[in-house]
Each structure stands twice: as C-alpha cells, then as structure tokens.
Amino acid sequence: MRAVAIIGAGSTPFGKLEGRGIVELAVSACRDALAESRAPREKIQAFYLGNFVGERLASQGALAGLVANRLGLTGIPATKVEGACASGGIALRHGVLGIALGLYDFVLVAGVEKMTSSPTAEVTAALATAGDEEGEMRTGLTFPGAFAIITREHMARYGTTREQIGLVSVKNHGLGASNPKAQFRKPVTLDEVLSSRLIADPLRLFDCPPISDGAAAVVLCPAEWARDFHPKPVRVLGSGHATGPATLWEMDDITSFPATVRASREAYGMARLSPGDVRVAEVHDCFTMAEIIATEDLGFFPKGKGGPAVEKGETGPDGQVAVNPSGGLIAKGHPVGATGCAQVYELVKQLRGEAANQVRDVEIALAHNLGGTGVVSTVTILGRM
Amino acid sequence: MSKVITLQAFFEEARAGRLTGIRCGRCGELAIPPKEFCPACQERAWEPLPLDGRGTIASFTVIRVPPRGRAAEAPYAVAVVRLDEGVSLLGRIVDIPLDALKVGLPVRFRPLVRDNQTVVGFGPTV
C-alpha cells in the first residue's frame, strides 16, 4: 500500500451560519482545502463527502455530485458516505484507501451538515435515526438519553463523579473560547455546568454539543509527492474503521464501545504506534462522558480511570495527552457529518504548528470519530513529515 | 420456530403480553429476537423461549427533551433492564414515579401500545 499524506485542509467556522446552505458550506471548505495545496483542481480524481442528516434537515440528496459540480469537478466519481456522526471519518477512510491502493493519486474529502434551520425536536428526531429504530428508539429514547444511561453506568461501576464529568465541559469550553472556528467562544465554570438544565438525567445542557452548521475538507495525495504540493504535509500513519453493537441492550458493557477499540487497534497496528505515542487527540465528545470513554477505549488511560485523568489535568493542553484542543464537539460545535473531517483539520493545524490552541511538541496526533452509540467508529493517526 | 425470530412476531407476542426470547439449539446462548446467527457459536438454530418478564433496572435516564411528536409525554423514563433469565432489554418505564427510579429496582415487562405500534415497557412488579 502507498503511504498517504494530507496536502491541504479547510474548514468553515462552526455555528449558526445564517443564509448559507448545505452545498455552499461544503463548497467553501473544499475551496479552502484546495487553495492550500498546490495541486491544480483538475488533478482531483475522486471526491468523498460525509453527510448524515442532509436529506432530512436540508431536503437535499445527491449531495456529493452537487458539490462536485459547484466546484467545477464535474466528471469525477463523487460519493456521499453515511455512518451517522462518523460519516466524515468514514469518507476520509475511503479517500485514504483510494490512494493507498493506487486507484487514485489526488482525492478531495469533505464533511458537511446544515442543522440550525430546523427546530430542536426535528433535529433530535433526525439524530435518533442513528439508533436502531425498531429495536430501541421507538421507546422514545434520544441520543442524549442513550449517553445518559451510559453515564449513569460508568458512574456506578467506576465511581466516576459528576464533577469529573463536568470538568470535560469546562476544559472544552475553555479551549473553544480561544478557537476562532468554534461555535461557543465563552468559558464556563463547573457550577454553570452542574446547574445547567437537565436534558436527560444525569446529563445537563453543558454536557451536550450544540446544534451546528459547518463543513471541513482535506486534499490527499501519495506521501512521496506531498512536499511538491504543500511545504508542511501531514502523513496518514494509520487508519482504522470498525463496527459494533447498534443498541445498548446488546452491549456486554455499555461503558465501552467495541467499535472504537477495534478501529484504534487497526490504526495503531498500521502506524506501529501505541497510545503512549499520541501527544494530541481530537476525540468524539458528543457528550462529556463520551470523551471520558474515548480516552479509555483508545488506551490513553485504563478502564475507569478516564474521570480521574480529567480531574488531574491529564487531558489538558499540558497533560499526558492533549484531548480536544479545538474545544471538541461540545464547544467547537457538532455539524454531525462534518465532525470527522473537522477533527482532522484541527490535527493538521496542530502538526503544522498553526493551531489556535497550539499544543507543544506535537509529532503524533489521533482523530476518533464515533457513530450512533458505537455502531461505527473510525480512528486516524497522523504524523509530521 | 421461524415465527418468533422475526421482529413483527416478537412485537405481536409482546402486544399480547408475552415476552419472547430465543435460545440457540446448539450452544444454549440466550438472545432477544430478531437475530440471524448465534453470536456465540455462529449457528442458526434458534428456538423460542418464553421469558418471565421480570428483571431489575441496570441503568436508566429521564428524557426531558423529547424528539418531535413526543412533547406531551415528557418527562419520561427509559431503562436498560436486566431480565432474570440473564439477557438485557431496553424499555419505557410506566407507572413508576420518576423519583422512585433507581438502579436495582425490580420491574416487570408490560406492552405499551402507541400509534398502533407496540413498545417494550416495564412497570412495577405488583
């Protein structure tokens, strides 16, 4: 397999982007990513687009072809990829495979979502389609509800405290405050988190990400040519993609996602690296507890020790592993289909030394994207070249 | 046998108040339908097994921000229930005050019919 590199990255700001439609958002991020790389647009041979709820919330299907057309990439194969909130990570995986296997030399990958034009109840219902409708969601379960059930179990089993969980939100909002791309630009206190309104007990408003619009994109090419197209290319060292149980009641242990564990094993194996090598990680904090579980499933901390690690600052910018320096989904925002690509955008900036919240001495970075309650996950490990 | 492994049959039985599991005829693994192959031994030899419907709450939440169409029902509770036979199932909590809910609370299956659709529910044991 050929080594793959990222030679351009772009992202819209995340937030309520009034007057900007789903196609325009995707085009904007792609244009920025293409402008960063010196690869001429006509070199792009394939386009993969991650999107989850565009058909339902933006009434738009055939999205990949529409975006490719608008970019003047008419003629190339354009594919929309859907895997709930991991759609962006899966799109990237397909782009990487296309180049690694020698099928293509230059691939554009993007993720996009337009969510803020819809009422909250409609967004909640749309996101709930990531669950098993017949087997679980028809009880009236929501995604915050599913992660609330998981949160309660993690607290009971490992003694994880409500304060430790709340500190994830404090950390991520603090980082989002200094990220110009983030939706929330204001720090919050632990008191504010713990007194915000209940969404699904024990999860409160500040344990959840906002409803967001946004898009992010990257340009890929074989690593051996990468320096010709960007002065600071980023190498894709490892890529993992795995599935897991779709419902809570089918999981032997609801405090761990087997898809994350499997995807990370594949990525670490390909990269010949271990969790201790990772200096910075963008993980899927779709809820505060999801970040704690991700740091355990990815092997940064032993099972059950993710809560204390947050309390000790081990996941802060100067900790053992800097987790979500962008502010994560909770503060940067979570336009669901865009998230997997936006995580990689942040890590590309970190590896180039250009990030808003730059972590020191970054050599190895990891992106973790999760769909549903762990029905699918991708893990991508990136390094400097 | 084939009847109980479809989701439709599972919910038809549930609507009549009968909770049905499936047991692997080869290795004895117990599961909730529908499932094609036994996750333990990969065989497709399911046999229906009536479940008693009693269990305890393993974990739960109270939904305060419901999806579209359920505003009138909120707040309501949803729980993962560990059945006495050893399998787990997710269901809507009915007729138990929200502040009485706790992990370990004994509950009993009961069907809940909403918009002509059967939903797994769990209520008090007596």
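Residues numbered from 1 in each chain as written. Chains lettered and ligands numbered in written order. Predicted model: local features only at pLDDT ≥ 70, side-chain atom pairs only at ≥ 80, totals over all residues. Heavy atoms only, no water.

Colleague: Explain the layout of surface pockets to me, using residue names and the numbers behind them.
Modeller: All names here are of chain A. Here the largest pocket is characterised by a volume of approximately 790 Å³. Taken together, 29 residues line the largest pocket, and the ones lying closest to its centre are W249, E250, M251, D252 and D253. Per-class residue counts for the lining of the largest pocket are 13 nonpolar, six polar and 10 charged. Space inside the second largest pocket adds up to approximately 580 Å³. The wall of the second largest pocket is formed by 30 residues, among which L127, P144, C208, P209 and I211 lie closest to the centre. (1 Å grid on protein atoms, 1.4 Å probe; cavity = no way out; pocket = protein on both sides within 12 Å on 5 of 7 lines; lining within 4 Å. Points joined across faces, edges and corners; volume = space filled by probe spheres on them. Nonpolar A, V, L, I, M, F, W, Y, C, P; charged D, E, K, R; others polar.)

Colleague: Mind laying out the environment of P202(A), listing which residues take part and the relevant values?
Modeller: Residues and elements named next belong to chain A. Within the secondary structure, P202 sits in the loop between β5 (198-200) and β6 (203-204). P202 gets classed as buried once you look at its relative accessible area, which sits at 17%. In the structure, P202 is positioned 50 residues away from R152 in sequence and 7.0 Å away in space, judged by C-alpha atoms. In contact with P202, other than residues within four places in its own chain, are A148, T151, R152, M155, R162 and D207. (Helix = DSSP H or I, 4+ residues; strand = E, 2+ residues; numbered from the N terminus. Buried < 20%, exposed > 50% of the residue type's maximum accessible area, 1.4 Å probe, protein only. Contact = heavy atoms within 4.5 Å.)

Colleague: With reference to specific residues and values, describe the confidence of the model for chain B.
Modeller: Taken as a whole, chain B shows an average pLDDT of 93; of its residues, 97% reach a score of 70 or greater. Prediction confidence for the complex, expressed as pTM and ipTM, is 0.97 and 0.95 respectively. (pLDDT = per-residue confidence, 0-100.)

Colleague: Outline the sheet that holds strand β10 (residues 322-323) of chain A, supporting the account with residue identities and numerical values.
Modeller: Residues and elements named next belong to chain A. Read across the open sheet, the 10 strands follow the order β3-β2-β4-β7-β1-β8-β12-β11-β9-β10; overall the sheet is mixed. Sheet topology places β3 (78-81) and β10 at the edges, where each strand pairs with a single neighbour. Of the pairings in the sheet, the one linking strand β2 (residues 46-50) to β3 comprises four bridges and is parallel in character. Residue pairing for β3: F47 is matched across the bridge by A78. (Pairing = 2+ DSSP bridges.)

Colleague: Residues and numbers for the packing of aromatic side chains, please.
Modeller: Here the structure, examined in full by the defined rule, presents six aromatic pairs over all chains. When the centroid spacing of 6.0 Å and the interplanar angle of 35° are considered together, the rings of F106(A) and W225(A) count as tilted. With F106(A) in the loop between α4 (87-100) and β4 (107-114) and W225(A) in the loop between β7 (213-222) and β8 (234-243), the pair connects residues that are 119 residues apart, well separated along the chain. F106(A) sits in the buried class, given a relative accessible area of 4%. According to the relative accessible area criterion, W225(A) is partly exposed, its value standing at 30%. Judged by centre distance (6.4 Å) and plane angle (75°), the rings of F109(B) and F122(B) are edge-to-face. (Phe/Tyr/Trp six-rings, centres within 6.5 Å; stacked < 30°, edge-to-face > 60°.)

Colleague: With reference to specific residues and values, describe the domain arrangement of chain B.
Modeller: Residues and elements named next belong to chain B. Each domain of chain B was delimited in the assignment, giving domain 1 (7-51) and domain 2 (54-123). Once you take the C-alpha centre of each, domain 1 and domain 2 turn out to be 21 Å apart. A combined buried area of about 1000 Å² lies between domain 1 and domain 2, and 75% of that area is made up of carbon and sulfur atoms. Of all residues in domain 1, the largest losses of buried area upon contact with domain 2 belong to R15, L19 and I32, amounting jointly to 50% of the total for that side. (Domains from an automatic or database assignment. Buried area = accessible area lost by both parts, 1.4 Å probe.)

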